[in-house]
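# Notes for the structure review
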Amino acid sequence: MSEITSDQVAHLAHLARIALAPDEIERLTGELGTIVDSIAKVSEVAGPDVPATSHPIALANVFRPDVPGATLTPEEALAGAPDHDGSRFRVSAILGEEQ
Amino acid sequence: MRDDLTRLDASELAARLAAKDVSSVEVVTAHLDRIAAVDPDVHAFLHVSEAAVSSAADVDSRRLAGERMGELAGVPIAVKDVLCTADMPSTAGSRMLEGWTPPYDATVVRRLREAHLVLLGKTNMDEFAMGSSTEHSAFGPTRNPWDLDRIPGGSGGGSAAAVSAFEAPVALGSDTGGSIRQPAAVTGSVGMKPTYGGVSRYGAIALASSLDQVGPVSRSVLDAALVHDVIGGHDPRDSTSLADEWPSFADAARAGRASASLAGVRVGVVTELNGEGFQPGVRQRFAEALELMAASGAEIVEVSAPHFEYAIAAYYLILPAEASSNLAKFDSVRFGLRAEAGGTVEDVMAATREQGFGDEVKRRVILGTYALSAGYYDAYYGSAQKVRTLIQRDFDAAFERTDVLVSPAAPTTAFRLGEKLDDPLAMYLNDIATIPANLAGVPGMGLPMGLAPEDGLPTGLQIMAPARQDARVYEVGAAVEALLDAQRGHRLLADAPSLAPAEMGAARAGAV
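Predicted model only: the values in this text are computed from it and were never measured.

## Here we look at the overall build of chain B
Counting its regular elements, chain B contains 17 helices and eleven strands. Radius of gyration (C-alpha) of chain B: 21 Å, near the 24 Å computed for a compact globule of 512 residues. Viewed in the frame of its principal axes, chain B has a C-alpha envelope of about 65 × 55 × 50 Å. Among the 512 residues that make up chain B, the fraction classed as buried is 63%. Taking all contacts inside chain B whose residues are at least 6 apart in sequence as the whole, residues at least 24 apart take part in 76%.

Structure, rendered in structure tokens:
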């Protein structure tokens, strides 16, 4: 039985940068506990002698020639931005007051 | 007369266009008219292109000028909204990207344009492709053309509904755990998940990068193959793209259709994909399909894949883990939504992600963050990756004795809207038959099998082959399709309600 607490979900939400409302944290705590219980069975068969697969068809050393290719113009790159100054993305303060 | 054009396959439209019996403008206009008539109820489309008719006119003038173009030139196609289109919004079904038009085309979209297909619009989907019913779209669900009170599958319910409602002859989808094959099964259409790396993922808004694969959606195996031939092949912009030289999948499909025979084909039946949790009518149609294949010369071999029972568990660790990482890009800085919130950039980011993501997306991002956390990583994500190895070994062992593996493509027929929305685990079980192929990277197709006796709704057959043997899937798939169509006397979709405006009210009331 996994023991996922609401404090844990609140911490995960902070790590994932999602400002969950208190009722969402409560609901997710219950749901995640159920989901984790049902998927924890993977450890039953994952013995130390089984290698991990990260990728279904493994490719190694995928390189391209080191020459400039087509890239976005600054205008294109900024076209979908919520805010910009013509050449850079604009955001609110990077650091909070206590930092 | 014009409405007949929407009933034709892409291959038939291509032949008529090449013969100049019909213009692309006529074909595209017929489909736009059909969309206008039925999509208010089906809601397969999130966006209908304003450039479709002018694109079609351009193809017509090129043809009249004698320009040599691809076989599908002038044929309309719908595109799942997970794929970037430089001339249309690309939202992946999320408020986060509402109204966002990307600065570039996905490689598969570029290849469609270069082959002179005409883009009709963008199709609805579960938000960021997370779901099996299209109910998780931020813009409202798509409805199943067979019964408007039921789901069209997901995440690519929009593309499957578009082709099965005759709003488009072909479409593109993406399949991370069954999002092409399961919608095909429940809408009576065809969908192919290619070998991982067979089709470029560049410009496909990523869900789980080691599982995602773009593929065709259609009403016939040949049409899927024709589209696959256009979109497939190596792309240097995708580092997981395979450099293989691929054979013509259309040739493979034509060979299978012409032979309509499975003589000498070793067909493996996966014990674990045909038992508990599979609806009786689905199992009955599957047993009948096996009999038909055997009568046509196939050697039916029972195979066991003992680790498939761990596939869903592994999938729901790997997918959320990769998704939580991929969705970090939605940070309110470079594109998409920015919430009106004070504070630091991180405060704005967290408020934006709270507002912009739906419940299922939040659930999976939090689950993925948990699975990747220090202290849990080895037990969950690490173990899931080992299960992946075991599932690949099961496939390898099965394919030593068989040429293809078959199963039902979905465990049930289409369920009612809302029925599983509050039960994530029940929703996840819809992909029980399709997830193993994604974990192993092998190709898989869903195609119509027959109507379930208990509810009269479509069931789907899944055909899988070893990695890189996509042509085998098309050849066997086209042969099975020909056998099933011949036995039935017509294509399964001929049994679907016509959705003519006068019948819409009746269909909604369940009377059709």
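Moving on from the coordinates now.
## Re the overall build of chain A
A count of helical and extended segments in chain A gives four helices and zero strands. Against the globule reference of 13 Å for 99 residues, chain A gives a C-alpha radius of gyration of 22 Å, more extended than a compact globule. Taking the principal axes of the C-alpha coordinates as reference, chain A spans close to 55 × 45 × 25 Å. By residue count, 19% of the 99 residues in chain A fall in the buried class.

## Some thoughts on helix H1 (residues 6-15) of chain A
Within H1 of chain A the residues assigned to the buried category are Val9, Leu12 and Ala13 of chain A. Along the axis of H1 of chain A, the buried positions cluster into a sector of 100°, meaning they face one direction only. Residues of H1 of chain A that are buried sit in contact with helix H2 (22-39) of chain A together with helix H12 (359-371) of chain B.

## Quick notes on the confidence of the model for chain A
Residue-level pLDDT values for chain A average 91, and 96% of them are 70 or greater. Put simply, helix H3 (residues 42-45) of chain A is where chain A has its lowest mean pLDDT, 91, and H1 of chain A is where it has its highest, 97.

## A short note on the nonpolar core
All names here are of chain B. Ranked by size, the top nonpolar core spans 186 residues in total, and within it Ile77, Val118, Ala171, Ala225, Ala314, Leu317 and Ile366 carry the most contacts. The greatest single-element share of this core, amounting to eleven residues, is contributed by helix H10 (residues 311-326). The contact partners of Val118, leaving out residues within four places of it in the chain, are Ser24, Val28, Ala52, Ser55, Ala56, Val59, Gly74, Val75, Pro76 and Ile77.

## Quick notes on the sheet that holds strand E9 (residues 404-408) of chain B
All names here are of chain B. Taken together, eleven strands build an open sheet; the order of strands is E1-E3-E2-E4-E6-E5-E10-E11-E9-E7-E8 and the sheet is mixed. Two strands bound the open sheet, and with one partner strand each, they are strand E1 (45-48) and strand E8 (299-303). Across this sheet, the average inter-strand angle for adjacent strands is 30°, counted without regard to direction. Where strand E5 (residues 190-193) meets strand E10 (residues 444-451), three bridges bridge the pair, whose relative direction is antiparallel. Bridging from a neighbouring strand, Lys193 pairs with Gly444 of E10. Where helix H5 (residues 157-164) meets the sheet, its contacts fall on E1, strand E2 (76-80), strand E3 (118-123), strand E4 (170-175), E5 and strand E6 (213-218), and the angle it forms with E4 comes to roughly 155°.

## As for the interface of chain B and chain A
The interface is formed by 55 residues belonging to chain B together with 47 residues belonging to chain A. Breaking the side of chain B that touches chain A down by element, the ones donating at least two residues are H10, helix H11 (345-356), H12, helix H13 (378-401) and helix H14 (424-428) of chain B. Here the side of chain B that touches chain A gets eleven residues from one element, more than from any other, and that element is H13 of chain B. Partitioning the side of chain B that touches chain A into residue classes produces 30 nonpolar, 16 polar and nine charged.

## Re unusual backbone geometry
Residue and element names in this part refer to chain B. Of note, the bond from Gly154 into Ser155 is cis; its omega dihedral lies within 30 degrees of zero at 5°. Inspection of the secondary structure puts Ser155 in the loop between E3 and H5. Even without being glycine, Ala129 reaches a positive phi, approximately 70°. Mapped onto the fold, Ala129 is located in the loop between E3 and H5. The exposure class assigned to Ala129 is buried, which follows from the 29 C-beta atoms found within 10 Å. With phi around 75°, Arg468 is a residue other than glycine that occupies positive phi space. Mapped onto the elements, Arg468 comes out in the loop between strand E11 (458-464) and helix H16 (470-488). Arg468 gets classed as partly exposed once you count the C-beta atoms within 10 Å, which come to 19.

## A closer look at helix H2 (residues 24-42) of chain B
Residues and elements named next belong to chain B. Along H2, the helix axis deviates most sharply at Ala36, where the bend reaches about 40°; the proline Pro40 sits within four residues downstream. Buried positions along H2 lie against helix H1 (10-18), E1, helix H3 (52-64), E2, E3 and H5. One or two steps after H2, the chain reaches His43, where phi turns positive at roughly 55°.

## A word on the packing of helix H7 (residues 221-231) of chain B against helix H8 (residues 249-259) of chain B
All names here are of chain B. The contact between H7 and H8 brings their axes to 7 Å, and the two run at 165°. The pairing of H7 with H8 is recorded here as roughly antiparallel in orientation. Like other packed secondary-structure pairs, H7 and H8 cross with a definite hand, here left-handed. Residues Val221, Leu222, Ala225, Leu226, His228 and Asp229 of H7 touch H8, and the partners they reach there are Phe249, Ala250, Ala252, Ala253, Arg254 and Arg257. Each residue belonging to the contact of H7 with H8 can be placed in one class, and the counts come to eight nonpolar, one polar and three charged.

What counts, and at which threshold
- Residues numbered from 1 in each chain as written.
- Chains lettered and ligands numbered in written order.
- Predicted model: local features only at pLDDT ≥ 70, side-chain atom pairs only at ≥ 80, totals over all residues.
- Helix = DSSP H or I, 4+ residues; strand = E, 2+ residues; numbered from the N terminus.
- Rg over C-alpha atoms; globule rule 2.2 N^0.38 Å.
- Buried ≥ 20, exposed ≤ 12 C-beta atoms within 10 Å, placed from the backbone.
- Contact = placed C-beta atoms within 7 Å.
- Arc of directions from axis to C-beta.
- pLDDT = per-residue confidence, 0-100.
- Core = buried A, V, L, I, M, F, W, Y, C linked by C-beta atoms within 7 Å.
- Pairing = 2+ DSSP bridges.
- Axes fitted to C-alpha atoms, helices over the stretch in contact; angles between N-to-C directions.
- Nonpolar A, V, L, I, M, F, W, Y, C, P; charged D, E, K, R; others polar.
- Bend = angle between axes of the 7 residues up to and from the residue.
- Parallel < 35°, antiparallel > 145°, perpendicular 65-115°, else oblique.
- Left-handed = near helix turned anticlockwise from the far one by under 90°.

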